[in-house]
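# Fold and geometry: a report
Chain residues, written in single-letter form:
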Amino acid sequence: MIVIDGRTCDKSVSDFANLEEILKMILNSEEMKDRVITDVLVNGEAFSEIYPHQAEDMDSGSFSSVEVRSVPAGQMALSISAEMEKVATMMAGASREVARLFRDAADSEALDLFQRLLDVTSDFLNMIDMLCSDYAPQVPEGYKAKTEKLSEMLSEMTDVLGNEDWILLADMLEYDFQPLCEEWREICRTLHAELAEAAK
């Protein structure tokens, strides 16, 4: 049995060789147009891949039911946008902590946290870009300039990192990066408001 958002599909599990074929069929179906899958249940238990293409290794003879739940893409975008201000706040807090660690000469701990901050910031920019380009009725004012500024700052901090100038890096984090994160909070609020208005 294959169930898509509470509706039983006219195809059965045995019509497919493996779970990946079933999921591809569902993703390409008319029901999934402009929707995002949120949950996959195999034999009533939540499934998520531990490694790439794990679904391909799951022979259809090893399970009897697949249920997929989804939400409209716009609703998912709205939910994500609601979290982006929190991410900007977290980035600002992390930058303060990394700066403190560098000044306290806790270089190893500071470098580890700094790398995680860089990863989060990169993901943050990618997610904001996707929300603005795919879902926002209009791009928030100052978005492009702030994106360029944050990208340039990441590049500058990476250069300083290469020179191992921890005090300069601490200063950049505290006096440049952190205030910019606070500015991004406002952009995130504006973006979420726009998406909420568009969803009405």
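These notes cover the structure that comes with them. Nothing here was measured: the structure is a model prediction, and the numbers come from that model. (Residues numbered from 1 in each chain as written. Predicted model: local features only at pLDDT ≥ 70, side-chain atom pairs only at ≥ 80, totals over all residues. Heavy atoms only, no water.)

Our focus in this paragraph is the sheet that holds strand S2 (residues 7–8). An order of S2-S1-S5-S3-S4 is seen for the five strands of this open sheet, with the pairing classed as mixed. Each edge of the open sheet carries a strand with a single partner, namely S2 and strand S4 (45–46). The pairing of strand S3 (residues 35–42) with S4 spans two bridges and is antiparallel. By the bridge assignment, Val42 is partnered in S4 with Glu45. Together, S3 and strand S5 (66–72) form the strand contacts of helix H2 (residues 73–103), whose direction differs from that of S5 by roughly 70°. (Pairing = 2+ DSSP bridges. Helix = DSSP H or I, 4+ residues; strand = E, 2+ residues; numbered from the N terminus. Contact = heavy atoms within 4.5 Å. Axes fitted to C-alpha atoms, helices over the stretch in contact; angles between N-to-C directions.)

This brings us to the packing of helix H4 (residues 143–162) against helix H5 (residues 166–199). Axis separation between H4 and H5 bottoms out at 11 Å; the angle between their running directions is 160°. Classed by the angle they form, the pair H4 and H5 counts as roughly antiparallel. H5 is crossed by H4, and the crossing has left-handed handedness. Residues Tyr143, Lys146, Thr147, Lys149, Leu150, Met153, Leu154, Glu156, Met157, Val160 and Leu161 of H4 form the contact with H5, whose participating residues are Trp166, Leu168, Leu169, Met172, Leu173, Asp176, Phe177, Leu180, Glu183, Trp184 and Ile187. Here the contact of H4 with H5 is composed, by residue class, of 16 nonpolar, one polar and five charged. (Parallel < 35°, antiparallel > 145°, perpendicular 65-115°, else oblique. Left-handed = near helix turned anticlockwise from the far one by under 90°. Nonpolar A, V, L, I, M, F, W, Y, C, P; charged D, E, K, R; others polar.)

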